[in-house]
Structures are given as C-alpha cells and as structure tokens.
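If you want the building blocks of each chain, they are given just below.
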Amino acid sequence: GRKRLVGVVMGGGVWLGGVAVALGALWLMVRRHGLRLGLVANAFFVFIPLSHAIGRIGCLLGGCCWGRPTDLPWAVTYTDPAAQRLNGTPLGVPLHPTALYEAGLETGNFLLGLALWRRGAPDGAIVAMWMGLYGTERFLLEFLRGDPRGGIGPLSTSQWLSLGLLAIALGWVVRYRRGVLAAARATGLR
C-alpha cells in the first residue's frame, strides 16, 4: 500500500517502467512533428544506457537494487541504517553488487551504441541492439538480485519485461532482414 509506494518513490522508481513511458512519449513526439521514428529512437538510445549506468551507480551508493548474499571478494556490505530504512537493504551482509554489474554492462551498451551511430546504423538498429542486449543482461542479473521486485510465476516482473524486450529486438532483426532481402531481390542482387 502506501508504505510500499513511498519506498518506491524514495528508492528512485522502476527503470523498465520509465523506459516504457519514455518510449510512449518519444512515439507521440515523433508523430506530432513528422520525424523518422527509427532515427530519433537511435539518437535517444545511444545515450539511454549511459544515463542508466550513472543511475545504477546512484543505486549502489544508496543501497537499493542490492544483490543476493555472496562470499565473492568484490561483495559490498552496507552499514548505513538509512539504506535499510529507505530501501530495506540488509546491513552487515556481503552482497552481490548487482547495481555495479548493471552499470558496467550499460556502459558497454553505450559504447557499442555510439560506435553503431558513428557508422550510420539503420533506423531502429541501436534501439533493437539495446533491447536485445539489455533484455538478456537484465534477465540474467535478476537471478543475482536480492531486493523484492515482485513476480509472476517463476520469474520476476523484470524478467518478463526483459523477455518482451528480446522479442521486440528479434522482431526488428527479422523485419530488417526481410527488407534487405526484398531490396536485394528488387535490384537483382540476390
């Protein structure tokens, strides 16, 4: 109820929900101004992973999005009662630094997206790349997370959303490949 809502707001909200809202706003802006959706989305999604990586560093510092207990040498141990009070973070327990893992992966996604942008990636390619990579990364990272996130059946809500991202990315690849093959046939190259 209200207590959980306050915890979500104080903890920063939900990343994948923010992506869904941002995509809806992007679509409305593109339609209103008659822009090419794939090109505008590529421009946004070069930098979305970088902003997400920076946000995850904030998660690490604030104690939210913590991982399961571990005995790995790079485990993080929270000791500040504010982290427990605001986010429910376990204190005095070595945990996987899942926010740091995600920050590193998203930094890699940013660098790859930037390289694709510089090479003139086709409309939507950078978005599809991010959806495929982030969907895979987040699906797997969820197995290491220890914070309560809710779930549907055997998977967390974020894992279901990640599978949706993967499906969209694969759909883009199939559609793009069909378009390339059709263009090749039309020009007699295939």
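Residues numbered from 1 in each chain as written. Predicted model: local features only at pLDDT ≥ 70, side-chain atom pairs only at ≥ 80, totals over all residues. Heavy atoms only, no water.

### Quick notes on the environment of Leu116
To keep things clear, this is the line we draw: Elements are defined by DSSP. Helices are runs of H or I of four residues or more, strands are runs of E of two residues or more, and each kind is numbered from the N terminus. Per-residue accessibility, obtained with a 1.4 Å probe over protein chains only, is compared with the maximum for each type, and a residue is labelled buried under 20%, exposed over 50%, and partly exposed between these values.
With respect to the secondary-structure elements, Leu116 resides in helix H5 (residues 98–118). Residue Leu116 is classed as partly exposed on the basis of its relative accessible area of 26%. In the structure, Leu116 is positioned 10 residues away from Ile126 in sequence and 6.9 Å away in space, judged by C-alpha atoms.

### Concerning the nonpolar core
For soluble globular proteins, the rule of thumb is that nonpolar side chains tend to be buried together. The following threshold applies: Buried residues of nine kinds, namely Ala, Val, Leu, Ile, Met, Phe, Trp, Tyr and Cys, make up a nonpolar core once their side-chain atoms join them within 4.5 Å. Residue contacts follow a heavy-atom distance rule, with two residues in contact if any of their heavy atoms lie within 4.5 Å.
One finds Phe45, Ile126, Trp130 and Met131 to be the most contacted residues of the largest nonpolar core, which totals 20 residues. Those residues within four positions of Ile126 in sequence are excluded, and the remaining contacts are Asn42, Phe45, Val46, Gly113, Leu116, Trp117 and Ala121. Residues Leu60, Cys65, Leu95 and Ala99 belong to the second largest nonpolar core, which totals 8 residues.

### What about a nonpolar patch on the surface?
Rules: A patch consists of residues exposed above 30% relative accessible area that lack any salt bridge, with like charges linked at up to 9 Å and nonpolar side chains (Val, Leu, Ile, Met, Phe, Trp, Tyr) linked at up to 5 Å. Note that accessible areas follow from Shrake-Rupley with a 1.4 Å probe, and for residues the cover is restricted to the protein chains shown. Salt bridges are defined as contacts in which a side-chain nitrogen from Lys or Arg sits within 4 Å of a carboxyl oxygen from Asp or Glu.
A cluster of nonpolar side chains, Trp27, Leu28 and Leu37, forms an exposed patch at the surface whose accessible area comes to about 310 Å². Within the fold, Leu37 resides in helix H3 (residues 37–62). Residue classification places Leu37 among the partly exposed residues on the basis of a relative accessible area of 38%.

### Some details on the environment of Phe143
With respect to the secondary-structure elements, Phe143 resides in the loop between helix H6 (125–141) and strand E3 (151–152). With 75 residues separating them along the chain, Phe143 and Arg68 place their C-alpha atoms 8.5 Å apart.

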